[in-house]
Amino acid sequence: MALSRGRFCCVLFSLFTGLASGLVITSTGSTSIEMASGQTVKLDCQFTLAAEDSGPLDIEWSLTTSDNQEKVVIIYSGDRPYEDYYAPLKGRVHFNSADPKNGDASINVIGLKPSDSGPYNCKVKKAPGIGSRKMTLTVMVKPSKPRCYTDGPTQEGKDVALKCVSSEGTNPMKYSWEKTSDSKLLPSSATLDPVGGTLIVKNASASASGSYHCTASNRIGSDDCTLYLNVTPPPNTAGIIAGSIIAVLLFLIILAIILYCCCRARHKKKYEKEICNEIREDVPPPKSRVSTARSFTVGSQRSSLGSMSPSNLHEYALKPQYDKIPSSEEYERPPSQLPLPPPSAVRMGGPNLSRMGGIAVMTPAQNRDGSIV
């Protein structure tokens with residue numbers, strides 16, 4: 001009824017304009033057009049001229065944008081069209097007739113986009129006649145392929161939520177769910193949100209398992225997706241807790257064993273190091289030092305004997321304690337246990353020794369353990 005009244009008012013406006021100037025807009029189609037994105041639309045604007053309309057023909061199409069600005073889309077003036085006035089529609093808008101002077105001011109818009117939506121105004125002028133027609137174009141987007149998934153746990157006794165979401169599509173969009181397996185009936189406890197696309201199965205049971213089909217639709221198209229729901233039994237909570245406790249205890253035992261082994265190995269290593277560094281007082285001196293002292297004394301005595309003459313050889317042979325080479329037992333004997341030389345030998349000076357034909361011999365000093373100082 002409202003549409004009929006709109007057409008009637010448009011006809012009355014055109015007739016009134018024609019009575020005033022002779023030019024009449026004769027298009028009577030719908031002034032509200034809904035089209036799908038990507039399609040082509042024809043915006044109709046037919047007119048007739050009167051005999052007195054003798055001026056040049058001018059046709060202008062304009063679009064009122066979302067920010068309430070009127071933008072010129074295409075014009076016809078001076079017997080030629082001008083189509084590149086509005087950049088977003090450049091190359092996509094053309095006059096329907098090659099010669100609009102024949103009374104067809106309609107335009108075609110190809111490859112529609114959502115941004116092409118809005119009120120369009122057709123103005124025809126041929127002095128003194130003037131006419132215009134307005135129409136509203138709505139470019140709708142078909143729902144994209146929806147995504148079906150479950151939100152939350154899918155266990156028996158829980159509320160299971162099935163989601164269906166389409167990322168693109170002009171509102172209003174509607175969602176519907178249906179079960180396509182077993183009885184093909186939704187569970188009795190299921191509730192549907194047709195706007196949000198959510199199907200909630202309360203207190204789900206194993207019988208709710210199966211295939212579900214969701215359809216997203218609006219006034220110009222639809223698309224769908226499929227979901228398989230598997231309702232599983234609830235997990236054994238007691239078993240999980242017991243297993244966790246056992247695992248923690250095993251971990252602590254293993255950790256304690258590792259720490260014990262590390263501490264024991266460290267203590268053993270420290271003990272061995274202390275044993276190696278101990279000084280034993282009963283260890284005899286090295287044999288190499290004794291042989292060195294012996295060779296030194298023997299060499300000195302040989303040199304002394306070699307420098308003696310036959311006259312003093314007899315006196316040298318009579319010297320007690322110094323005529324023989326000390327044995328290894330004497331060298332190994334502490335100095336405190338060695339026999340003391342005779343007092344005469346101790347008091348014998350260098351001159352007396354020289355007159356006797358002897359030679360002073362230096363004997364290396366020894367410490368308590370028998371080593372040469």
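The structure this text deals with has already been given above.
Computed from a predicted structure; not experimentally measured.

Caption draft 1: Structural view of the sheet that holds strand β8 (residues 93–95). Pairing is antiparallel in the open sheet, where three strands are placed in the order β3-β9-β8. Only two strands of the sheet have a single neighbouring strand rather than two, namely β3 (41–43) and β8. Each neighbouring strand pair of the sheet contributes to a mean axis angle of 25°, computed without reference to strand direction. One ladder, built from three bridges, connects β8 with strand β9 (residues 107–109); its direction is antiparallel. Residue pairing across strands places V93 opposite V109, the latter belonging to β9.

Caption draft 2: Spotlight on the packing of aromatic side chains. According to the stated counting rule, one finds one aromatic pair in the structure shown. Measuring from centroid to centroid gives 6.2 Å for Y76 and F95, while their planes differ by 80°, and the two rings are edge-to-face. Taken as a pair, Y76 in strand β6 (residues 70–77) and F95 in strand β8 lie far apart in primary sequence, 19 residues in all. The pair formed by Y76 and F95 is uniform in burial state, with each residue classed as buried.

Caption draft 3: A look at the side chain of S209. Among the secondary structure elements, S209 is positioned in the loop between β16 (198–201) and β17 (210–218). For S209, a relative accessible area of 13% corresponds to the buried category. Every residue in contact with S209, bar those within four places of it in the chain, is listed here: K179, D182, L229, N230 and V231.

Caption draft 4: Summary view of the pairing of strand β11 (residues 129–140). Here strand β2 (residues 32–36) pairs with β11 via five bridges, running parallel. Bridge pairing links A36 to M140 in β11. Looking at chain direction, strand β10 (residues 118–126) and β11 are connected through nine bridges and run antiparallel. Within β11, the position partnered with N121 by the bridge is K134. Once β10 ends, the chain turns through two residues before running back antiparallel as β11.

Caption draft 5: A look at the pairing of strand β13 (residues 160–165). As paired strands, strand β12 (residues 147–151) and β13 are joined by five bridges and run antiparallel to one another. When the sheet's bridge partners are listed, C148 is paired in β13 with C164. Bridge count between β13 and β16: four bridges; the pairing is antiparallel. Counted as the bridge partner of L162 is L199 from β16.

The rules behind each value
Residues numbered from 1 in each chain as written. Predicted model: local features only at pLDDT ≥ 70, side-chain atom pairs only at ≥ 80, totals over all residues. Heavy atoms only, no water. Pairing = 2+ DSSP bridges. Helix = DSSP H or I, 4+ residues; strand = E, 2+ residues; numbered from the N terminus. Axes fitted to C-alpha atoms, helices over the stretch in contact; angles between N-to-C directions. Phe/Tyr/Trp six-rings, centres within 6.5 Å; stacked < 30°, edge-to-face > 60°. Buried < 20%, exposed > 50% of the residue type's maximum accessible area, 1.4 Å probe, protein only. Contact = heavy atoms within 4.5 Å.

Remember, this is a structural readout, not a statement about activity or role.
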